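Residue-level listing of the chains:
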Amino acid sequence: MSSTDKVFAGSIPKLYDEYLVPMIFSVYAEDLARRIAARSPSVLLEIAAGTGAVTRAVAAALPRGVRYVATDLNEPMLAVAAQRQADDDRITWRQADGMALPFGAAEFDVVCCQFGAMFFPDRVKAYGEMKRVLKPDGTFVFNVWDRIEDNEVTAEATAALGRMFPDDPPRFMIRTPHGYHDKAVIRSDLERAGFRDISIETRTEISRAPSAEYVAIALCQGTPLRSEIEARDASRLQAATDIVAEAIRTRHGSGPVEGKIQAIVIEARR
């Protein structure tokens, strides 16, 4: 993993929330919210909350009286999340590293994490932390992206940037967001951390965006892919965005864009 892969700062958090959340994250946030609500937790911890897509969905699905702690490694992301969330005294926002959670043992009924596990340098260690803070019979609910080939517009954008930078293609999307999809590996990591009753399923959805330009801004400027582009040539960020937009437009037309997205959803008991 590159040192920039986990950095969501500068203008990235706002663009991430404005573009990426409705395009690819909201539909999976609703899925996680349904799974969490079905377990009727009284105390819930969210890891890698980002700009709050899951937080908003879960908060809408849970009753009063729930205690909800939402954390992220990147404070700029949490700042956007807190700003977007209506006043809700059930929710506490806290900067935290999933590898070293600042909570006591057996505090939470459910721990959830949307598209964050791919960023943990040591997943077994991180899963061990989540197991530690769960109550007996507590549940860890999370998702990760499937391979990039099953996520249409992201694969097309990555290919277009590869043509733009043939000697050093940006590989953030392949390396990190879509780099942890082997179900056998995921199961093994969870078992090594001590989890049991592990359920793993594939969930296919459709991403939707109003235009090819919207997709290009989302991916090139609203993720750490931006840092990779700028590291190659800081003056070419807009050119890279335009090239991706043209590739998406060539494939999907000049109107709204729809494309297959695919994730893996996991539930594991302590």
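The following paragraphs examine the structure supplied in this document.

Criteria and thresholds
Residues numbered from 1 in each chain as written. Predicted model: local features only at pLDDT ≥ 70, side-chain atom pairs only at ≥ 80, totals over all residues. Heavy atoms only, no water. Helix = DSSP H or I, 4+ residues; strand = E, 2+ residues; numbered from the N terminus. Contact = heavy atoms within 4.5 Å. Buried < 20%, exposed > 50% of the residue type's maximum accessible area, 1.4 Å probe, protein only. Salt bridge = Lys/Arg side-chain N within 4 Å of Asp/Glu carboxyl O. Lys, Arg positive; Asp, Glu negative; His and termini not counted. Polar contact = N/O pair within 3.5 Å; in protein donor to acceptor, adjacent residues only side chain to side chain. Axes fitted to C-alpha atoms, helices over the stretch in contact; angles between N-to-C directions. Parallel < 35°, antiparallel > 145°, perpendicular 65-115°, else oblique. Left-handed = near helix turned anticlockwise from the far one by under 90°. Nonpolar A, V, L, I, M, F, W, Y, C, P; charged D, E, K, R; others polar.

## Concerning the environment of Ser227
By secondary structure assignment, the location of Ser227 is in helix H9 (residues 225–233). The sequence separation of Ser227 and Tyr127 amounts to 100 residues, and the corresponding C-alpha distance is 28 Å.

## A look at the side chain of Asp189
Position of Asp189 among the secondary structure elements: in helix H7 (residues 183–192). Filtering out sequence-adjacent residues up to four positions away, Asp189 remains in contact with Arg123, Val124, Tyr127 and Tyr180.

## As for the environment of Glu201
Checked against the element boundaries, Glu201 lands in strand E6 (residues 196–209). A relative accessible area of 30% places Glu201 in the partly exposed class. With 58 residues separating them in the primary sequence, Glu201 and Asn143 have C-alpha atoms 9.5 Å apart. Not counting the four nearest positions on each side in its chain, Glu201 is found in contact with Arg35, Lys183, Ala263, Ile264 and Val265.

## Topic: the environment of Met118
Within the secondary structure, Met118 is located in the loop between strand E4 (108–114) and helix H4 (123–133). You can call Met118 buried: its relative accessible area is 2%. The spacing of Met118 and Ile248 is 130 residues in sequence and 26 Å in space, taken between C-alpha atoms.

## Describing the pattern of salt bridges
For the structure shown, the criterion picks out 31 salt bridges. Note that Glu213 is salt-bridged to Arg249, the shortest N-O span being 2.1 Å. Here Glu213, found in helix H8 (residues 212–221), pairs with Arg249, found in helix H10 (residues 237–252); they are 36 residues apart in sequence, far enough to count as distant. On the basis of relative accessible area, Glu213 is assigned to the partly exposed category, the value being 37%. For Arg249, a relative accessible area of 24% gives the class partly exposed. Sharing partners across several salt bridges, the network here consists of Asp31, Arg34, Arg35, Arg39, Glu201, Arg203, Glu205 and Glu267.

## Digging into the side chain of Glu46
Residue position: Glu46 is located in strand E1 (residues 43–47). Here Glu46 sits buried without a salt bridge, and the closest side chain of opposite charge, Arg56, lies 9.2 Å off (N-O distance). Polar contacts involving the side chain of Glu46 include one to the side chain of Tyr68, which spans 2.6 Å. Residues contacting Glu46, with those up to four places away along its chain left out, are Val54, Thr55, Tyr68, Val69, Ala70, Thr71 and Cys112.

## Description of the packing of H4 against H7
One can describe the packing of H4 onto H7 by two numbers: an axis separation of 8 Å at closest approach and a directional angle of 50°. With respect to H7, the axis of H4 lies oblique. With respect to the hand of their crossing, H4 and H7 are arranged in right-handed fashion. Contacts between H4 and H7 involve Arg123, Val124 and Tyr127 from the former and Asp189, Leu190 and Arg192 from the latter. Residues that form the contact of H4 with H7 fall into these classes: three nonpolar, no polar and three charged.

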